[in-house]
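Working through the structure, step by step
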Amino acid sequence: MFDFDFRFLNTDNKPTSFFDKQGSIEDEGVYFAGEILAFEDIQEVVRHRNRLSFILEADARTAIDEFLLPDFNGFMIRVNEDEAFDIKSMIDRKYTQIQVEKRKEELKSQDELHNFRKAECPTCKSHLDLSYLKPTKYIFCRYCDSIFNKYGNYTDLNDYKICPVCNYYNRLQITPRVEAYFYGKEDKAFSFEKAYQCDSCTERELRPRFWKNAPFVVGAITDFIAKNRIETDIDSSYAELTKANLLGYWGQIEEAKPLYESMFLYVKDQPGVLYDFGKAYLDSALLLLEDAEFTGDEAAMPYIREAVRWLSRSIQMCSNYQPAIKLFEDNEELEYEIDDDFEDNDY
Ligand SMILES: [Zn+2]
Ligand SMILES: [Zn+2]
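First, a word on what this report is: a plain description of the structure on this page. Computed from a prediction, not measured in an experiment: that's the story for all the values here.

Another point: the overall build of the chain. Each helix and strand counted, the chain has nine helices and 14 strands in total. In the chain, which comprises 347 residues, the share counted as buried stands at 44%. A separation threshold of at least 6 residues defines the contact pool for the chain, and within that pool the share at least 24 residues apart is 56%. Taken as a whole, the chain presents about 18,600 Å² of accessible surface, with 49% of it coming from carbon and sulfur.

And the structure:
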């Protein structure tokens, strides 16, 4: 059905063979150098650029166990970067369909079939289990990190996703990063790499580096290109997002607030932007709490309340929006009081 080249990786992300091996995706499962992994045995596939991690079900019976990693019921492979998204999506489509069917049977046997609900992602075609979740305007696909609406239309702009570096929702790009400056023995650098991150992270890195690189041509040109890239092709309704998230990251919510509010004139129901506003409040509150032994924690309370308000709104628009749910889970020890007018539904 679909053939691909791959190499198994060890725990240091290094290939275990010198030459590529042959893989193929078939109706019954995925073949790795002739050994089959059945779709039923896959719990999840996680991608980081050209690397795919296969997490197996606890009771999986597979012939590729010689490549299972220690302390991890799974294995990693490296594939061609251009094919990585498609390979993952083709596999996701198959095992998620099996998982969602299983879930349906399970609920049926518990007489809970009326609570079963599912959707199919228009981007990667994965099957999503939405059982027990409130139907909302938007649906999140955790397999390809995209947001779509209930009519099945893809609604994310370009490459707007959660940034793996700062965890804000923004446009992700591959950005060249060169450090080539020399200011004496203690302060010199020459490195070249590519970073996959959001525009705010690129901007944050450029600020201190730009002036150091400026007199040295190689670094300066690359920085100029990077700076140019974060300032082009931005959808006008998201124009302030990079700056707003950067301020939020630094805990400067009062400066960030008018920028978010100006975007809500156009995109007031977008789960990603609502999430960003909540996260900016949360980051500002957490920074205040770090100093709480000197200043007390009262100052952080209104920020926590606002964080809860905006994150809740994000979930009201998209009941399975994993990034917002995760922020709630990660910060469940934070205490706050809920306003009386909290449940306003003017959105
Ligand atoms: Zn998807
Ligand atoms: Zn970022």
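Glancing now at the coordination of the zinc ion (ligand 2). Within the protein, the zinc ion (ligand 2) binds to Cys163 (SG), Cys166 (SG), Cys198 (SG) and Cys201 (SG); these donor distances fall in the range 2.3 to 2.4 Å. Viewed at the metal, the four donor atoms of the zinc ion (ligand 2) are separated by angles of 103 to 116 degrees, and the geometry they form is tetrahedral. Mapping the donors of the zinc ion (ligand 2) onto the primary sequence yields the spacing C-x2-C-x31-C-x2-C. We classify cysteine 198 as buried; its relative accessible area is 0%. Overall, cysteine 201 belongs to the buried group, its relative accessible area being 0%.

Our next topic: the coordination of the zinc ion (ligand 1). The zinc ion (ligand 1) binds to the protein through Cys121 (SG), Cys124 (SG), Cys141 (SG) and Cys144 (SG); the donor distances cover 2.3 Å. Geometry at the zinc ion (ligand 1) is tetrahedral, judged from its four donor atoms and the angles of 105 to 112 degrees they form at the metal. For cysteine 141, a relative accessible area of 0% corresponds to the buried category.

At their nearest, the axes of helix α8 (residues 301-317) and helix α9 (residues 322-330) sit 9 Å apart, and the two run at 140 degrees to each other. Accordingly, the angle class assigned to the pair α8 and α9 is oblique. Helix-helix and strand crossings are classified by hand; for α8 and α9 the assignment is left-handed. Listed contacts from α9 to Val308, Leu311, Ser312, Ser314 and Ile315 of α8 are Ala324, Ile325, Leu327 and Phe328. Looking at side-chain class alone, the contact of α8 with α9 contains seven nonpolar, two polar and no charged residues.

Between its terminal C-alpha atoms helix α6 (residues 271-290) stretches 28 Å, which fits the 28 Å expected from 20 residues at 1.5 Å a residue. Most of α6 is tucked away: 15 of the 20 residues are buried. Residue glutamine 270 occupies the N-cap position of α6, its side-chain oxygen lying 2.5 Å from the main-chain nitrogen of glycine 272.

To continue, consider the sheet that holds strand β2 (residues 21-25). Read from one edge to the other, the open sheet built from seven strands follows the order β4-β3-β2-β1-β7-β6-β5, with strand pairing classed as antiparallel. The sheet is open, and its two borders are formed by β4 (35-38) and β5 (42-48), each paired with just one other strand. Taking the axes of each pair of neighbouring strands and ignoring which way they run, one obtains an average angle of 30 degrees across the sheet. Bridge count for β2 against strand β3 (residues 29-32) is three bridges, and the pairing is antiparallel. Looking across to β3, one finds that isoleucine 25 is bridged to valine 30. Against the sheet, helix α1 (residues 81-109) touches β1 (2-9), β2, β3, β5, β6 (51-56) and β7 (74-79), its axis set at about 160 degrees to β5.

Two strands pair when backbone bridges link them, and β3 and β4 are joined in this way by four bridges, in the antiparallel orientation. Looking at β4, one finds that tyrosine 31 is bridged to isoleucine 36. Between β3 and β4, which pair antiparallel and follow one another directly, the connecting turn spans two residues, one of which, alanine 33, has a positive phi of 45 degrees.

A few words now on the nonpolar core. A general tendency of soluble globular proteins is for nonpolar side chains to be buried together. Membership of the largest hydrophobic core comes to 44 residues, with the highest contact counts inside it found for Tyr169, Leu241, Tyr260, Tyr275 and Tyr321. Taken together, the elements giving at least two residues each to this core come down to β10 (138-141), β12 (160-162), β13 (169-182), α4 (241-249), α5 (253-267), α6, α8 and α9. In contact with tyrosine 321, other than residues within four places in its own chain, are Phe140, Ile147, Ile162, Tyr169, Pro271, Gly272, Tyr275 and Ser314. Residues Leu52, Phe54, Ile77 and Ala84 belong to the second largest nonpolar core, which totals 32 residues.

Attention now moves to the environment of proline 302. Following the sequence through the fold, proline 302 ends up in helix α8. By relative accessible area, proline 302 is classed as partly exposed at 37%. With 17 residues separating them along the chain, proline 302 and alanine 285 place their C-alpha atoms 8.4 Å apart.

Let us now look at the packing of aromatic side chains. For the structure on display, the rule yields 21 aromatic pairs. Between the aromatic rings of phenylalanine 4 and phenylalanine 6, the centroid separation amounts to 6.0 Å while the plane-to-plane angle is 55 degrees, which identifies the pairing as tilted. Residue phenylalanine 4 shares its accessibility class with phenylalanine 6, and that shared class is buried. Geometrically, the ring pair formed by phenylalanine 140 and tyrosine 321 is edge-to-face, given 5.1 Å between the ring centres and 85 degrees between the ring planes. Highlighted residues: phenylalanine 140 in strand β10 and tyrosine 321 in the loop between α8 and α9, separated in sequence by 181 residues. Phenylalanine 140 sits in the buried class, given a relative accessible area of 4%. Across the ring face of tyrosine 249, the terminal group of arginine 204 is positioned such that the distance to the ring centre comes to 4.0 Å. The residue whose ring lies beneath lysine 279 is tyrosine 168, and the NZ or CZ to ring-centre distance is 5.1 Å.

Criteria and thresholds
Residues numbered from 1 in each chain as written. Chains lettered and ligands numbered in written order. Predicted model: local features only at pLDDT ≥ 70, side-chain atom pairs only at ≥ 80, totals over all residues. Heavy atoms only, no water. Helix = DSSP H or I, 4+ residues; strand = E, 2+ residues; numbered from the N terminus. Buried < 20%, exposed > 50% of the residue type's maximum accessible area, 1.4 Å probe, protein only. Contact = heavy atoms within 4.5 Å. Areas by Shrake-Rupley, 256 points an atom, 1.4 Å probe, with all protein chains shown as cover. Donors = N, O, S within 2.8 Å, 3.2 Å for Na, K, Ca; no water. Tetrahedral: all angles 85-135°; square planar, octahedral: opposite > 155°, others 65-115°. Axes fitted to C-alpha atoms, helices over the stretch in contact; angles between N-to-C directions. Parallel < 35°, antiparallel > 145°, perpendicular 65-115°, else oblique. Left-handed = near helix turned anticlockwise from the far one by under 90°. Nonpolar A, V, L, I, M, F, W, Y, C, P; charged D, E, K, R; others polar. Expected span 1.5 Å × (residues − 1). Polar contact = N/O pair within 3.5 Å; in protein donor to acceptor, adjacent residues only side chain to side chain. Pairing = 2+ DSSP bridges. Core = buried A, V, L, I, M, F, W, Y, C linked by side-chain atoms within 4.5 Å. Phe/Tyr/Trp six-rings, centres within 6.5 Å; stacked < 30°, edge-to-face > 60°. Lys NZ or Arg CZ within 6 Å of the ring centre and 35° of its normal.

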